[in-house]
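Residue-level structure breakdown
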Amino acid sequence: MTYFEPTIRIPSANIYTNIPDRYRDFNGFELTFQRRYTNRWQMNASLAFNNARDHWDSPAAFEDPTCTANSVGGVGTAVCPPGQIYAPESGGSGIGNIYTNARWLMKLGGRYTLPYDVNVAAFYNGRQGYPFPQYILSPNRANGAGRQEILLDSLGDVRLDNIHMVDFRLDKAIRFGRRSVTPTLDIFNLTNANTVLAINPNQAASNANTISGIVAPRVIRLGVQVRF
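Small disclaimer: the values here were computed from a predicted structure and weren't measured. Numbering of residues starts from 1 in each chain and follows the order in which that chain's sequence is written. Thresholds applied to this predicted model are a pLDDT of at least 70 for local features of residues and 80 or more for the giving and counting of side-chain atom pairs; totals over whole chains, interfaces and linings are not thresholded and use all residues. Note that water and hydrogens are dropped before the side-chain values are worked out from all heavy atoms of the structure.

Whenever a carboxyl oxygen of Asp or Glu lies within 4 Å of a side-chain nitrogen of Lys or Arg, that contact is scored as a salt bridge. For the coordinates displayed, the defined rule picks out six salt bridges. Of the charged contacts in the structure, one is a salt bridge between aspartate 186 and arginine 169, with a shortest N-O distance of 2.9 Å. In this pair, aspartate 186 sits in strand 12 (residues 179–188) while arginine 169 sits in strand 10 (residues 163–172), placing the two residues 17 residues apart along the sequence. Relative accessible area decides the class of each residue, using a 1.4 Å probe on protein chains only: under 20% of the type maximum gives buried, over 50% gives exposed, and in between gives partly exposed. A relative accessible area of 6% means that aspartate 186 is categorised as buried. The class for arginine 169 is partly exposed, based on a relative accessible area of 25%. Only runs of H or I of at least four residues qualify as helices and only runs of E of at least two qualify as strands under DSSP, and these elements are numbered from the N terminus.

Structure below.
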């Protein structure tokens, strides 16, 4: 475990300025396919690959080197070499510890009209699991530096499981002149996947590795649409 302490008291005043030798870049591509509805079927598909990375080109790019000491360069490297992935922490619905970064994302959706004008549709959504940055907290550091999260692995080396979700729909319109009644059946998370979305990454906590969020379970919805 490597962490750093300031040799002088951290001043209370804040200075807002551009950070030298610090930048972020993004490279990626997306392939898409679309077939409009004809001959009783349609389809949409896409595959995206994303690569967002943070760069610190010199010690002037950060104030506290602890955050980079255990990243891409390994323990003891005071300056993070170019190339650590960008994964901002986010949360919602009471779930924390979500570090958003998926290098690939796939989507596939389609509809087919069976005999008697019964429509069958499905949608697949898959992505790479988000990073799981396991860490421990440093002791309270001198000169007002507080505590710092110390990564045990480079960000992105350990990830949660990939997510694969399938939704399904079945409907048929029954027409009465200009009016129609459409019974519908929707099934969300058809396979009832229970992929983990968030885990407590603090390995020194009493509840380390406790799961705080999973994919919502299968939901079946019956409905009727009336048009007139």
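We now examine the environment of arginine 9. Take arginine 9: it is sitting in the segment before strand 1 (22–38). The exposure class of arginine 9 is exposed, given its relative accessible area of 59%. When the C-alpha atoms of arginine 9 and valine 219 are compared, they prove to be 56 Å apart, with 210 residues separating the residues in sequence. In what follows, residue pairs with any heavy atoms lying within 4.5 Å of each other are defined as contacts. Not counting residues up to four positions away in its chain, the partners in contact with arginine 9 are Asn143 and Gly144.

Right, let's get into the packing of aromatic side chains. Here a Phe, Tyr or Trp ring, Trp counted by its six-membered ring, pairs with any other such ring whose centre lies within 6.5 Å, and the pair is stacked when the planes are under 30 degrees apart, edge-to-face when over 60, and tilted otherwise. Per the stated rule, a full pass over the model turns up one aromatic pair. To sit over a ring, a charge needs its Lys NZ or Arg CZ within 6 Å of the ring centre and within 35 degrees of the ring normal. The aromatic ring of tyrosine 86 is capped on one face by arginine 24, whose charged end is 3.7 Å from the ring centroid. Positioned above the aromatic ring of tyrosine 130 is the side chain of arginine 127, whose terminal nitrogen or guanidinium carbon lies 3.7 Å from the ring centre.

With that settled, the discussion passes to the confidence of the model for the protein. Low pLDDT means the predicted coordinates in that region are not meant to be read closely. On a scale of 0 to 100, pLDDT captures the predictor's confidence in every residue. Of the residues in the protein, 90% reach a pLDDT of 70 or more, and the chain-wide mean stands at 86. Contacts for the low-pLDDT stretch residues 72–81, under 50 throughout, to residues beyond four places or in other chains number 26 contacts.

With a phi close to 65 degrees, tyrosine 116 is a non-glycine residue in the positive phi region. Relative to the helices and strands, tyrosine 116 resides in the loop between strand 6 (104–114) and strand 7 (118–127). Relative accessible area serves as the criterion here: at 72%, tyrosine 116 is assigned to the exposed category. Here asparagine 189, not a glycine, exhibits a phi torsion of approximately 55 degrees, which is positive.

On the secondary structure map, threonine 184 appears in strand 12. Given the relative accessible area of 10%, threonine 184 is considered buried.

The next point concerns the pairing of strand 1. DSSP bridges decide pairing: two strands pair if at least two such bridges lie between them. Across 15 bridges, the pairing between strand 1 and strand 2 (residues 41–56) is antiparallel. The partner of asparagine 27 across the bridge, within strand 2, is asparagine 51. In textbook terms, the turn of a hairpin is the stretch between consecutive antiparallel strands, and for strand 1 and strand 2 this stretch comprises two residues, one of which, asparagine 39, has a positive phi near 55 degrees.

Position of arginine 159 relative to the elements: it lies in the loop between strand 9 (149–151) and strand 10. Note that His is not counted, nor are the chain ends; the positive residues are Lys and Arg, and the negative ones are Asp and Glu. No salt bridge is formed by the buried arginine 159; the nearest opposite charge belongs to aspartate 157, separated by 7.7 Å. Counted as a polar contact is a pair of N or O atoms within 3.5 Å, where, for protein atoms, one must be capable of donating a hydrogen and the other of accepting one, and residues adjacent in sequence contribute only when both atoms are in side chains. Reaching out from arginine 159, the side chain makes a polar contact with the backbone oxygen of asparagine 101 at a distance of 2.8 Å. One polar contact links the side chain of arginine 159 to the main-chain carbonyl oxygen of glycine 156, over a distance of 3.5 Å.

Our focus in this paragraph is the environment of leucine 152. Looking at the element boundaries, leucine 152 is found in the loop between strand 9 and strand 10. Spatially, the C-alpha atom of leucine 152 lies 7.5 Å from that of proline 133, the residues being 19 residues apart in sequence. Every residue in contact with leucine 152, bar those within four places of it in the chain, is listed here: Gln134, Tyr135, Ile136 and Gln203.

The tendency in soluble globular proteins is for nonpolar side chains to be buried side by side. By convention a nonpolar core is built from buried Ala, Val, Leu, Ile, Met, Phe, Trp, Tyr and Cys residues, the set being connected through side-chain atoms within 4.5 Å. Counting residues in each nonpolar core, the largest one holds six residues, listed as Ile85, Ala87, Tyr99, Tyr135, Leu151 and Leu155. The contact partners of alanine 87, leaving out residues within four places of it in the chain, are Tyr99, Thr100, Asn101, Pro131 and Leu155.

Residues Phe29, Leu31, Leu47 and Phe49 make up a contiguous nonpolar surface patch of about 380 Å² in total accessible area. Of all the secondary-structure elements, those providing two or more residues to the nonpolar patch are strand 1 and strand 2. Structurally, leucine 31 is set in strand 1. Look at leucine 31 and you get exposed, because its relative accessible area is 52%. Here the term patch refers to residues with relative accessible area over 30% and no salt bridge, with like charges joined within 9 Å and nonpolar side chains (Val, Leu, Ile, Met, Phe, Trp, Tyr) within 5 Å. Exposure was quantified through the Shrake-Rupley algorithm and a 1.4 Å probe, taking into account, for residues, occlusion by the shown protein chains and nothing else.

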